[in-house]
Amino acid sequence: MTRIRPALAFAPCLLLAACASAPHAERSAAGAGTVAIGTLQRAPAAAAPVRVAGVVTAALPGADGQPGWLLQDAGDGDAATSDAIWLLGPAAAALAPGQTVVATGNLRRAELPAAGKGRADSLLALDAAQVEPLRERALERRLRALAPTAVTAAPDWNALAGMRVRIGVPLTLADRDRQRGTVEASFDGPLWQPGERATPGSDAARAIAADNLRRRLVLSGEALGDAAFGARSGSRLDALEGIALPRNGRPGLCLERAPALQPAPRPQLPPRVDGSLRISSFNLESLFNGDGRGGGFPTPRGARSEAEFKAQLAKLVQTIHAMNPDVAALMELENDGYGPDSTLAQLVAALDRADAADGGAQDWRFAAPCKQPCALDTRGPGGDVIRVGLIYRGQRVAARGLAATLTQGPFGPHSRVPMAQAFEALGAGGRRGPAFVVAANHFKSKGCRDAEGADRDQGDGASCWNALRSDSARRLDAWLKTDPTRSGGQLTMIVGDLNAYAQEQPMREFYAAGWQDAFAAAKVAAPYSYVYDGELGRLDHALLSPALAATLRGAAEWHTNADEPESAGYRDGGAGPWRSSDHDPVLLGFDLMPR
């Protein structure tokens, strides 16, 4: 028996070659009086022992470690019922794949071996009291000639449970979990977060969720190999063949052979947007620099060593440098002040070094809510370990006054403190463009820790803290309409990780208040910046005041991160800008330069 790799230790099946032969035991009268397995699926509550005949396809030990094998028969003519059953017990211990047998025993639903957290799955099982070789030659030949059931569209997997299946259409790689040894794939293209396309709790959102479940498939088994774990989401998988087994409440296929993989290409060049001024937004995925002098590791979040910090910083600098924004809003930045040892100051210095290597301007600056040297040397604004930040190019834009922050209500204890800064674009001859305001934000995440009352998961797909995020949206809108930066203009944008998909209530609060989605205004088809549970969506948004929306010339995401496997990240030594974060950066183009 082949020993599975540790990475696949949670795999619910251990497939052996289904075409292998096995020595025949002593022949006995068998085959007569057997019942088609499919008829038992329709009426599994038989009290008396039943007798079935079939071909052994794969080893599947029981949840308690008892011997177990999958047995498939020639079918009962009903495509709505599975033709496979799970043989359990010592009587099945000596079986081998490819053997044709008759088994007698009592029926029950048996739970599959645990595959990590998730719903318990079960199959119709036969507690085998007796297992004998099949004597009927004609039936034996027929069983040995059984081909895997051909699938060309997302099927009813309950009708195929335990059966050998061959998928004749390409699937789209959705997600990878190397710890559990699984890859998720989907029929008919990528999966989308219901809240990205429809209002949570609506019939439309429920239909999307149901369709996602219908189309998704969890792939497992030693034959899966390593290539799929290192491929980008959106890659193509062909020639899938294996045993249909549910996995954590989802349809699954335990593979008999490695699928053909066509990797999705990486977008090598950063996006280009029209317009004379570029503004970006980027979640840094916890950029922490220890004590700023090479010590202080591991940090509360992010890098665990100075070497990891340097690798993480290099990836982020490559990303920002390549996009070349004039202003960049940052999320998940260490909240360690504005001094020379702060993470923010060291990021700006690293960007200047990248400019110097290219003969560039070396003019990166950061905004702050206090005059430099800033009195907030150790923390602020807000008491969270992470904060938002704003950086900009001093030769392209000028900061007008100090940054403004909002610390009331949910901001600080839950949603991170917003920071708004007024800027003016700089032109030739000292000319300046109109003042515009960039407000960087990072709303409370969807994690359910400490959630109470209306902030608990309401079962509508928006997860926890939806009420608090909605309150954050209303308060942010009201605050910005007071002109906290004293810019005196109407050119304002809200950017950042709002931890809400495009049709969830926090975003609808903004739309109702008159803010325009930059990607909708730019007519970008199917934008996404984040992949969670194999489903695409946007947590990273750019919302524009009507006056600013009139100057928008382009919007894009650079898909360098969300689709990438974790192995491309800094902890695993991945090179280049790939997986510099778990969010994709956003880039906007405006006509705001003075003429």
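Heads up: the structure comes first, above all this text.
All of these numbers come straight from a predicted model, not from anything done at the bench.

(A) A look at the pairing of strand 2 (residues 68-72). With five of its five residues buried, strand 2 lies for the most part within the structure. Here strand 2 shows a buried face lined by Gly68, Leu70 and Gln72 and a second buried face lined by Trp69 and Leu71. Two elements, strand 1 (residues 50-59) and strand 2, share four bridges in a ladder whose sense is antiparallel. Note that in strand 2 the partner of Val55 across the bridge is Gln72. Across five bridges, strand 2 lies against strand 3 (residues 84-88) in antiparallel orientation. Residue pairing in the sheet places Leu71 in a bridge with Ile85 of strand 3.

(B) Molecular detail of the pattern of salt bridges. By the definition in use, this model includes 43 salt bridges. Glu424 serves as the salt-bridge partner of Arg432, at 2.7 Å between the closest nitrogen and oxygen. On the basis of relative accessibility, which here comes to 13%, the residue Glu424 falls in the buried class. Overlapping salt bridges, with partners in common, bring together Arg164, Arg166, Glu241, Glu256 and Arg257 in one network.

(C) The arrangement of the packing of aromatic side chains in detail. Summed over all chains, the structure comprises seven aromatic pairs. Look at Trp157 and Phe187: their rings are 6.4 Å apart centre to centre, the planes differ by 50°, and that puts the pair in the tilted class. With Trp157 in the loop between strand 6 (149-151) and strand 7 (164-167) and Phe187 in the loop between strand 9 (182-186) and strand 10 (191-192), the pair connects residues that are 30 residues apart, well separated along the chain. As far as the burial class goes, Trp157 and Phe187 line up, both buried. The ring of Trp192 has Arg197 sitting right over it, with the charged end atom 4.0 Å from the ring centre.

Criteria and cut-off values
- Residues numbered from 1 in each chain as written.
- Predicted model: local features only at pLDDT ≥ 70, side-chain atom pairs only at ≥ 80, totals over all residues.
- Heavy atoms only, no water.
- Buried < 20%, exposed > 50% of the residue type's maximum accessible area, 1.4 Å probe, protein only.
- Helix = DSSP H or I, 4+ residues; strand = E, 2+ residues; numbered from the N terminus.
- Pairing = 2+ DSSP bridges.
- Salt bridge = Lys/Arg side-chain N within 4 Å of Asp/Glu carboxyl O.
- Phe/Tyr/Trp six-rings, centres within 6.5 Å; stacked < 30°, edge-to-face > 60°.
- Lys NZ or Arg CZ within 6 Å of the ring centre and 35° of its normal.

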